[in-house]
Amino acid sequence: MDAQRYSIAGQVYDALDPRLQEVLARVREGVDRPRCLCVPDGVEMYVARHRQYVVKRMPGTGGQHHPQCPSYEPDAQQSGLGELMGEAIIETLAGSVELRVDFPWVRVLGRGVAPGEPHDPGEINVPRRRMSLRALTHFLFERAGFNRWLPAMAGKRNQGVICKHLLEAAAEMIVKGQPLAQRLHVPEPFSEASKAAAAQRRRDKLAILQPRDGRSPLAVVLGEFKTCETTAFGRRLWIKHMPDTPLLIADKTWERARRTYAAYFEVQDADAAYRPRLVLTALIRAKREHVHEVDALSLMLTTEHWIPVEGAHEIEFIHALVEQQRRFIKPLRYDARITAGFPNALLTDTGAEPVALHVVSAFAEAKERAAKMQVIARISPPPWTWWTDQPMPTLPACAVC
């Protein structure tokens, strides 16, 4: 599909039109909403302002766009996102998304979590779902577009691109009343020539961690895990593109992480044709001046193209889609207990409707494998399915290749 086109006040503009910024400035507060022309009748959009004016998808309309449109979004129920929308993730037309998370933004000396506001004794609170660090990581990657793939993206996902788009995605998110971008650090691409300036920008960003009145603020660091080393005083985590700033972590915390994510570390050591990445999302606090300690962490496996995956079987599968120059969306797990009910990928280059692809790993746990087989058995006609102990079937035909 060519550049996205919009109908605005009776005129048609494409996303690259140099007049578009002036036009969007005029209509932003008016009644003439842009319409995306990816389908015959168009889909209503709205105008938001970040560093420049941008045309955004209206909440709940992602499925009305053509699968090849950048504004297309599959049904949230086809991923773990569906469990969180409306409770842990609340979209507004103001260009922001409120996130309700299960981790704090501050620690109080002698307490696990900062106290909340007092409640009326007669008040009855309805428990609401909240998202974990893993779900936050998945949401950032999905909003940044890193669970999507087009052949034109090949060779263009470097650290600079990852940093830029993750921070832009975070700029639209509000966590506990504060913009996530203020609390999120993603390392800049490391350069020997500019390392001093980058280090100063990092220190300025993480100055928010300075304790005040017995309260220790927290922030999130997100980057590619490099290694963990043992020292005489504990352990240090190293993140790629941050060679001058380790994160301290308690021995017991790291041992729990190694057990929890054992399968991910094993995949890194596998004799495979493709090398995965291990992405670390760490909630950190200041232990001393410019000394940062991990308060909580989550790890996520991705392909070398930064597409999140659940295991080795998906790495090979996703690489096959990339090598065959297909266009697709990778549904993400978020906080779902199992992923059997979700497609392993959605092809978006097959026509007016995406095509779900399923993978059944021969090494999956019995419960997960049985659940996946039950899902596949209920679909009519039978979906495209790859059983990993057999050759991969031919993919559905591409309509735009």
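Note that the structure is predicted; figures quoted are calculated from it, not measured.

### Notes on the sheet that holds strand 10 (residues 173–175)
Strands in a sheet are paired, the pairing made by backbone hydrogen bonds, and the direction either parallel or antiparallel. In spatial order, the strands read 6-7-10-11; together these 4 strands make up an open sheet with mixed pairing. The sheet terminates laterally at strand 6 (89–91) and strand 11 (178–179), the two strands that pair on one side only. Inspection of the sheet shows strand 7 (residues 97–99) paired to strand 10 by 3 bridges, in the parallel sense. When the bridges of strand 10 are listed, Leu 99 appears paired with Val 175. Along the sheet, helix 2 (residues 133–143) contacts strand 6, strand 7 and strand 10; its crossing angle with strand 7, the most-contacted strand, is approximately 165°.

### Overview of the sheet that holds strand 20 (residues 328–329)
As summarised here, the arrangement of the 5 strands in space is 9-20-21-22-23, forming an open sheet in which the pairing is mixed. Taken across any chain shown, the strands that pair with only one partner, and hence form the sheet edges, are strand 9 (148–149) and strand 23 (384–387). Docked against the sheet, helix 9 (residues 366–378) engages strand 22 (355–360) and strand 23, running at close to 145° with respect to strand 22.

### Considering the environment of Leu 278
Mapped onto the fold, Leu 278 is located in strand 17 (residues 277–288). Each C-alpha atom of the pair Leu 278 and Asp 295 lies 19 Å from the other, and the pair is 17 residues apart in sequence. Here Leu 278 is in contact with Gly 223, Glu 224, Phe 225, Tyr 264, Phe 265, Gln 268, Leu 299, Met 300 and Leu 301, once residues within four sequence places are set aside.

### Observations regarding the pattern of salt bridges
Tallying each qualifying case throughout the model produces 23 salt bridges. Arg 129 is paired through a salt bridge with Glu 83; the nearest N and O atoms lie 3.9 Å apart. Within this pair, whereas Arg 129 is found in the loop between strand 8 (106–108) and helix 2, its partner Glu 83 is found in the loop between strand 5 (53–57) and strand 6, the two being separated by 46 residues in sequence. On the basis of relative accessible area, Arg 129 is assigned to the partly exposed category, the value being 39%. Judged by relative accessible area, which is 37%, Glu 83 ranks as partly exposed.

### Some points on the side chain of Thr 281
Mapping Thr 281 onto the fold places it in strand 17. The class for Thr 281 is buried, based on a relative accessible area of 2%. Separated by 2.7 Å, the side chains of Thr 281 and Thr 137 make a polar contact. With sequence-adjacent residues up to four places away left out, Thr 281 is seen in contact with Leu 133, Thr 137, Val 220, Val 221, Leu 222, Ala 296, Leu 297 and Ser 298.

### Some details on the environment of Glu 192
By the element assignment, Glu 192 lies in the loop between strand 12 (184–185) and helix 5 (195–205). Here the side chain of Glu 192 touches Lys 195 through a polar contact of 2.7 Å, side chain to side chain.

### Re the pairing of strand 15 (residues 234–239)
Judged from the 6 bridges that link them, strand 14 (residues 219–231) and strand 15 form a sheet pairing that is antiparallel. Counted as the bridge partner of Thr 227 is Trp 238 from strand 15. Here strand 14 hands over to strand 15 after 2 residues, the two strands then running antiparallel side by side. One ladder, built from 3 bridges, connects strand 15 with strand 16 (residues 247–249); its direction is antiparallel. Considered in strand 16, the bridge of Arg 235 is made with Ile 249.

About the criteria used
- Residues numbered from 1 in each chain as written.
- Predicted model: local features only at pLDDT ≥ 70, side-chain atom pairs only at ≥ 80, totals over all residues.
- Heavy atoms only, no water.
- Pairing = 2+ DSSP bridges.
- Helix = DSSP H or I, 4+ residues; strand = E, 2+ residues; numbered from the N terminus.
- Contact = heavy atoms within 4.5 Å.
- Axes fitted to C-alpha atoms, helices over the stretch in contact; angles between N-to-C directions.
- Salt bridge = Lys/Arg side-chain N within 4 Å of Asp/Glu carboxyl O.
- Buried < 20%, exposed > 50% of the residue type's maximum accessible area, 1.4 Å probe, protein only.
- Polar contact = N/O pair within 3.5 Å; in protein donor to acceptor, adjacent residues only side chain to side chain.

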